[in-house]
Amino acid sequence: MIRLLWTLAKIGVVVAAAVWLAQRPGAVELRLGNLVIEAPTGALLVTLLFFGLLAAFAYRFWLAVRRAPQAMRFGRAGRRREQGYRALSLGMVAVAAGAADEARRRAREADRLLDGAPLTLLLAAQAAQLDGDDSAARRFFQAMVDEPETSLLGLRGLMAQANRSGDRDEALAIAARAQKERPGTPWVLEALFDLRTANGDWNGASAALEALAGRKLVRGEDLRRRRAVIAVERSRLAEERGDKGSALSHARTAWKLDPALPAATARLARLEGAAGHGSRAEKLLRDGWTKAPHPLLSETLEALWSRLTPAVRFTQGQRLLKGDIERPETRSLLADLALAAGQRAEARKLVGPLAGEGASARICRQMASIAVGEGDTAGARNWLARARLAPADPAWFCRACSAVSAEWRGACPQCGVFDSLEWRPPAPPAPGQADAIAAIEQELETGHVAAVAAPSRTEAAREA
Ligand SMILES: [Zn+2]
């Protein structure tokens, strides 16, 4: 409405100007040989304006006619591209929903409409992955690697494929290539760290960690812990190749970073002891034990004292741990030393108070040893039976794959996940199990074994 009024206003101004000009007095005279043309100035100007406008319209019309085929072509290509991207997004939705057939169909459609645009390769690769067709997926990812704009995405896809098939060397080669092409990409650095730790390449892992730290991708507590774990492993490698100096210096680094990491304390104490610094090693172990009494520390202590007689070891233990005697783990450790020294009365004094209801398997075993030493065979049998039912001893379990490892490692020996081993008891048996055993024990005591066993046997037969 406003536009219409504006146009009318413009036309009004032009008409008014024309009328005003036409009414002005004055004339123009044009002489060409004998020909004389004479016209009022206003009328001439209006005529010139009219022809000028006519020429402008004619030119616009000619341009429109000339461009028509191209515009039609553009319109068609635009619609095609629009359909292609629609197929692409529907395909991505199908991938996310896990609909393999739909994803494959959309991938073909997008590829046809978008003339093989790089992104259609990603959809095709994901559709192939969904279908379980790994070789097709690899082909599509490889094609992406060949295009500069999708190369990194293709490498990421290829690496995921290699990881899935468990080919760590292949994955590492791809990560190294990605690092060369686009240095410092976060996922590439993370992948290099994970793969190197899993492969036991601890020097390489340290370099990858520092690159991550440099980009603030790992920081704070996490960074400190990772550095400590890597330092313990670098110390182990140095020791294996006979480089005692490096072994000791890496162990010191690890211990300073994380004194609560038992593997770091135990390793440093052992190396200090081997270097002739016995009292320094004892102090490290005692301080570590007071913070967290881990069996790694007591084992290291016993190894440190391996040249001493059992009696001296027991005395040394009492001296070293006298400030920590109320802790159950300390009592248990001293009881072991006392038993080795043949001092059963001392051992009983230490673990007797811990041997009540819910005593650990270790305490029950120690009580059995004391009973054996005292010639109490029935008592020993009783303690061993209790040991079997008691909560089991802790061990190194992998948080990622649940595998048990005989010793601590910076990465799980089974699945290779970094810093995944935790010291914990095995998962307890199903709650019904203990109750069932307790019920049979009760029957044993009251002498109704046959009455208990018979119905359950017939029930089992009926079920079978
Ligand atoms: Zn594992």
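Thresholds applied
- Residues numbered from 1 in each chain as written.
- Predicted model: local features only at pLDDT ≥ 70, side-chain atom pairs only at ≥ 80, totals over all residues.
- Helix = DSSP H or I, 4+ residues; strand = E, 2+ residues; numbered from the N terminus.
- Rg over C-alpha atoms; globule rule 2.2 N^0.38 Å.
- Buried ≥ 20, exposed ≤ 12 C-beta atoms within 10 Å, placed from the backbone.
- Pairing = 2+ DSSP bridges.
- Core = buried A, V, L, I, M, F, W, Y, C linked by C-beta atoms within 7 Å.
- Contact = placed C-beta atoms within 7 Å.
- pLDDT = per-residue confidence, 0-100.
- Expected span 1.5 Å × (residues − 1).
- Axes fitted to C-alpha atoms, helices over the stretch in contact; angles between N-to-C directions.
- Left-handed = near helix turned anticlockwise from the far one by under 90°.
- Domains from an automatic or database assignment.

### As for the overall build of the protein chain
So, step 1. A count of helices and strands for the protein chain gives 21 helices and five strands.
So, step 2. Against the globule reference of 23 Å for 464 residues, the protein chain gives a C-alpha radius of gyration of 43 Å, more extended than a compact globule.
So, step 3. The dimensions of the protein chain, computed from C-alpha atoms along their principal axes, are 155 × 70 × 45 Å.
So, step 4. Across the 464 residues in the protein chain, those meeting the buried criterion constitute 31%.

### Observations concerning the sheet that holds strand S3 (residues 395–398)
So, step 1. Spatial ordering of the open sheet is given by S4-S3-S5, a layout of three strands whose pairing is antiparallel. Looking at strand neighbours, the two that pair on one side only are strand S4 (404–405) and strand S5 (421–424), the edges of this open sheet.
So, step 2. Here two bridges tie S3 to S4, and the two strands are oriented antiparallel to one another. Within the sheet, the bridge partner assigned to Trp396 lies in S4 and is Ser405.

### Focus on unusual backbone geometry
So, step 1. Its identity is not glycine, yet Lys216 carries a phi of approximately 60°, on the positive side.
So, step 2. Positionally, Lys216 belongs in the loop between helix H9 (202–214) and helix H10 (220–240).
So, step 3. A residue is classified by how many C-beta atoms lie within 10 Å of it, and Lys216, with 8 of them, is exposed.
So, step 4. Of note in the backbone geometry, Asp419 takes a positive phi value of approximately 50° without being a glycine.
So, step 5. With respect to the secondary-structure elements, Asp419 resides in the loop between S4 and S5.

### Concerning the nonpolar core
So, step 1. Counting 68 residues, the largest nonpolar core has Leu123, Ala175 and Ala264 as its most contacted members.
So, step 2. Ranked by residues supplied to this core, first place goes to helix H4 (residues 118–130) with eight residues.

### Focus on the pairing of S3
Put simply, side chains in a regular strand alternate between the two faces of the sheet.
So, step 1. In this sheet, S5 lies alongside S3 in antiparallel orientation, the contact comprising four bridges. Bridge assignment links Phe397 to a residue of S5, and that residue is Glu422.
So, step 2. Taking the residues that link successive antiparallel strands as the turn, the S3-S4 hairpin has five residues, and the phi of Ser402 there is positive, at about 70°.

### Let's talk about the environment of Ala178
So, step 1. With respect to the secondary-structure elements, Ala178 resides in helix H7 (residues 168–181).
So, step 2. Given 24 C-beta atoms within 10 Å, Ala178 falls into the buried group.
So, step 3. In this structure the C-alpha to C-alpha distance between Ala178 and Leu153, which are 25 residues apart in sequence, comes to 9.5 Å.
So, step 4. Excluding its chain neighbours within four sequence positions, the residues that come into contact with Ala178 are Leu152, Leu155, Thr185 and Val188.

### Examining the confidence of the model for the protein chain
Detailed reading of predicted coordinates is not advised where the pLDDT is low.
So, step 1. On average, residues of the protein chain score 87 in pLDDT, and 93% of them are at 70 or above.
So, step 2. When the criterion is pLDDT under 50, residues 449–464 qualifies, and its contacts beyond four places in sequence or with other chains add up to four contacts.

### Considering helix H11 (residues 244–257)
So, step 1. The end-to-end C-alpha distance of H11 is 20 Å, a good match for the 20 Å that 14 residues give at a rise of 1.5 Å each.
So, step 2. Lining the buried residues of H11 we find H10 and helix H12 (262–274).

### Concerning the packing of H7 against helix H8 (residues 186–198)
Packed helices, taken two at a time, are described by the angle their axes make and the gap between the axes.
So, step 1. Packing of H7 against H8 brings their axes to within 9 Å, and their N-to-C directions diverge by 145°. Seen from above, H7 lies across H8 with left-handed handedness. Contacts from Arg168, Ala171, Leu172, Ala175, Ala178 and Gln179 of H7 reach H8 at Val188, Ala191, Leu192, Leu195 and Ala198.

### Quick look at the domain arrangement of the protein chain
So, step 1. Taken domain by domain, the protein chain consists of domain 1 (9–75), domain 2 (394–428) and domain 3 (435–464).
So, step 2. With centres defined by C-alpha atoms, the gap from domain 1 to domain 2 works out at 92 Å.

### A closer look at helix H6 (residues 151–164)
So, step 1. Here H6 is 14 residues long and its end C-alpha atoms lie 20 Å apart, about the 20 Å a rise of 1.5 Å per residue gives.
So, step 2. When H6 is considered as a whole, its buried residues turn out to be Gly154, Leu155, Arg156, Gly157, Leu158, Met159, Gln161 and Ala162.
So, step 3. Packed against the buried residues of H6 are H4, helix H5 (134–146), H7 and H8.

### A short note on the environment of Ala355
So, step 1. In this fold, Ala355 is placed in the loop between helix H17 (344–351) and helix H18 (361–373).
So, step 2. Residues Ala355 and Thr300, spaced 55 residues apart in sequence, show a C-alpha to C-alpha distance of 26 Å.
So, step 3. Those residues in contact with Ala355, other than ones at most four positions away along the chain, are Ile363 and Met367.

### Observations concerning the environment of Ala335
So, step 1. Examined against the element boundaries, Ala335 turns out to sit in helix H16 (residues 328–340).
So, step 2. Its 28 C-beta neighbours within 10 Å are what place Ala335 among the buried residues.
So, step 3. Measuring from C-alpha to C-alpha, the distance between Ala335 and Val14 comes to 115 Å, with 321 residues separating the pair along the chain.
So, step 4. Excluding residues within four positions of it along the chain, Ala335 makes contact with Ala347, Leu350, Val351 and Gln366.

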